[in-house]
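Per-entry structural report
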Amino acid sequence: EAGVVQSPRYKIIEKKQPVAFWCNPISGHNTLYWYRQNLGQGPELLIRYENEEAVDDSQLPKDRFSAERLKGVDSTLKIQPAELGDSAVYLCASSPGGLNTEAFFGQGTRLTVV
Amino acid sequence: KQEVTQIPAALSVPEGENLVLNCSFTDSAIYNLQWFRQDPGKGLTSLLLIQSSQREQTSGRLNASLDKSSGRSTLYIAASQPGDSATYLCAVQNSGNTPLVFGKGTRLSVIA
């Protein structure tokens, strides 16, 4: 069974440019998370989806970040415009949902803003 | 607000040694606790998940224990190998509807 798939693996952009990340969760997993991990830190939640509904986006900087999960499967996370401080690893995770909340993570996208 | 602390931040041991990684959390009313491994430049790999009603979980050379009342968990690695070198992250979930809250991790180096 395929795990959580993210693309691209690496992205280098100039500040003020837009960037988008894509995530395909494990088949059948209803819950999808986007986390951001800064160097030397643990991941921190940006947004959580239950199916296609964003149920927790309190930590998402909505002035520049947006996310969507159309049809409750794949998800995209967008930053526009990017700032230097957005350089980090962006991790997508999924879990089955309901009582089973064990999270499985993708390989992440390492974003460098120059 | 839940806070998770992992001690030590870094650890270097010779191959074959048994070792313990520590994780503490401030709010003991947790739903579950999960240990992850992260290799450099990679994502997180789930190692063990302990439900709040459980005291420990084992997988191969790994054993994780949970003491909710004291807000602590330990990850025991037996007979360490160089391939165990990675960062180990502890994360807790306060309910089925809340996200994981992570510690900063322990960076482990096992020297051959």
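Check the entry above for the structure.
Conventions and cut-offs
Each chain has its residues counted from 1, following the order in which its sequence is written. Written order determines the labels here, with chains lettered from A and ligands numbered from 1. Reporting in this predicted model follows two pLDDT cut-offs: at least 70 for local features of residues, and 80 or more for side-chain atom pairs to be given and counted; totals over whole chains, interfaces and linings ignore these cut-offs and use all residues. Derived side-chain values reflect all non-hydrogen atoms in the structure, with water molecules and hydrogen atoms excluded from consideration. A pair of aromatic rings is counted whenever rings of Phe, Tyr or Trp (Trp by its six-membered ring) have centres within 6.5 Å, and the orientation is called stacked for planes under 30 degrees apart, edge-to-face for over 60 and tilted otherwise. Strands here mean DSSP runs of E at least two residues long; helices mean DSSP runs of H or I at least four residues long; both are numbered from the N terminus. Exposure categories follow from relative accessible area, calculated using a 1.4 Å probe and restricted to protein chains: below 20% of the type maximum is buried, above 50% is exposed, and the middle band is partly exposed. Throughout, a disulfide means two cysteine sulfur atoms within 2.5 Å of one another. Criterion for a salt bridge: a side-chain nitrogen of Lys or Arg within 4 Å of a carboxyl oxygen of Asp or Glu. Here a polar contact means two N or O atoms within 3.5 Å. Within protein one must be a hydrogen donor candidate and the other an acceptor candidate, and residues neighboring in sequence count only if both atoms are side-chain atoms. When checking whether two residues touch, look at their non-hydrogen atoms; a contact exists if any pair is within 4.5 Å. For two strands to pair, DSSP has to find at least two bridges joining them. Angles here are taken between N-to-C directions and fall from 0 to 180 degrees, while the axes themselves are lines fitted to C-alpha atoms, restricted in helices to the stretch in contact.

For any pair of aromatic rings, the description rests on two quantities: the centre-to-centre distance and the angle between the ring planes. Per the stated rule, a full pass over the model turns up seven aromatic pairs over all chains. Measuring from ring centre to ring centre gives 5.8 Å for Tyr33 of chain A and Tyr35 of chain A, while their planes differ by 35°; the resulting arrangement is tilted. Between Tyr35 of chain A and Phe105 of chain A the ring centres are 5.6 Å apart and the planes differ by 45°, which places this aromatic pair in the tilted class. Linking Tyr35 of chain A in strand β4 (residues 31-37) with Phe105 of chain A in strand β10 (residues 104-105), this pair joins segments that are 70 residues apart in sequence. The exposure class assigned to Tyr35 of chain A is buried, which follows from its relative accessible area of 0%. On the accessibility criterion, Phe105 of chain A (8% relative accessible area) is buried. Feature note: the residues Tyr33, Tyr35 and Phe105 of chain A together with Phe36 and Phe102 of chain B constitute an aromatic cluster, connected by ring pairs.

What follows is about the state of the cysteines. Within this structure, the stated rule accounts for two disulfides over all chains. Here Cys23 of chain A pairs with Cys92 of chain A through a disulfide, and the sulfurs are 1.9 Å apart. With the S-S bond torsion at -70°, the cross-link from Cys23 of chain A to Cys92 of chain A turns out left-handed. Linking Cys23 of chain A in strand β3 (residues 19-24) with Cys92 of chain A in strand β9 (residues 88-95), this pair joins segments that are 69 residues apart in sequence. Assessed through its relative accessible area of 0%, Cys23 of chain A is described here as buried. The disulfide partner of Cys23 of chain B is Cys90 of chain B, and the S-S distance across this bridge is 2.0 Å. Disulfide Cys23 of chain B-Cys90 of chain B: the torsion about the S-S bond is -60°, which places it as left-handed. Here Cys23 of chain B, found in strand β3 (residues 19-25), pairs with Cys90 of chain B, found in strand β9 (residues 86-93); they are 67 residues apart in sequence, far enough to count as distant.

Attention now goes to the pattern of salt bridges. Once their charged atoms are close, side chains differing in charge can pair, the charge on each being opposite to the other. Residue and element names in this part refer to chain A. Counted according to the given criterion, the structure contains seven salt bridges over all chains. Here Arg64 ties to Asp86 by a salt bridge, and the two come within 2.6 Å at their closest N and O atoms. You can see Arg64 sitting in the loop between β6 (53-56) and β7 (65-68) and its partner Asp86 sitting in the loop between β8 (75-79) and β9, a full 22 residues away along the chain. Taking relative accessible area as the criterion, Asp86 reaches 3% and is therefore assigned buried. Each of the salt bridges in this network shares a partner with another, and the network as a whole consists of Arg36, Arg64, Glu83 and Asp86.

Another point: the side chain of Arg48 of chain A. Structurally, Arg48 of chain A is set in strand β5 (residues 44-50). Of the residues examined, Arg48 of chain A reaches a relative accessible area of 5% and is grouped as buried. At a separation of 2.8 Å, a polar atom in the side chain of Arg48 of chain A contacts the side chain of Glu50 of chain A. Those residues in contact with Arg48 of chain A that lie beyond four places of it in its chain are Thr31, Leu32, Tyr33, Glu53, Ala54, Val55 and Asp56 of chain A together with Asn97 and Thr98 of chain B.

As a further point, take the sheet that holds strand β1 (residues 4-7) of chain B. Within a sheet, neighbouring strands are paired by backbone hydrogen bonds and run either parallel or antiparallel to one another. All names here are of chain B. With respect to topology, five strands assemble into an open sheet ordered β1-β3-β8-β7-β6, the strand pairing being antiparallel. Unpaired on one side and paired on the other, β1 and β6 (56-59) mark the two borders of the sheet. Strand after strand, the sheet turns through a mean of 15° between neighbouring axes, direction not considered. As paired strands, strand β7 (residues 62-67) and strand β8 (residues 72-77) are joined by six bridges and run antiparallel to one another.

Right, let's talk about the sheet that holds β8 of chain A for a bit. All names here are of chain A. Strand order in the open sheet made by the four strands is β1-β3-β8-β7, with antiparallel pairing throughout. Looking at the sheet topology across the chains shown, the edges are occupied by β1 (5-7) and β7. Taken over all neighbouring pairs, the strand axes of this sheet differ in orientation by 15° on average, direction set aside. Pairing geometry for β3 and β8, over five bridges, is antiparallel. Paired with Trp22 across the two strands is Thr76, which belongs to β8.

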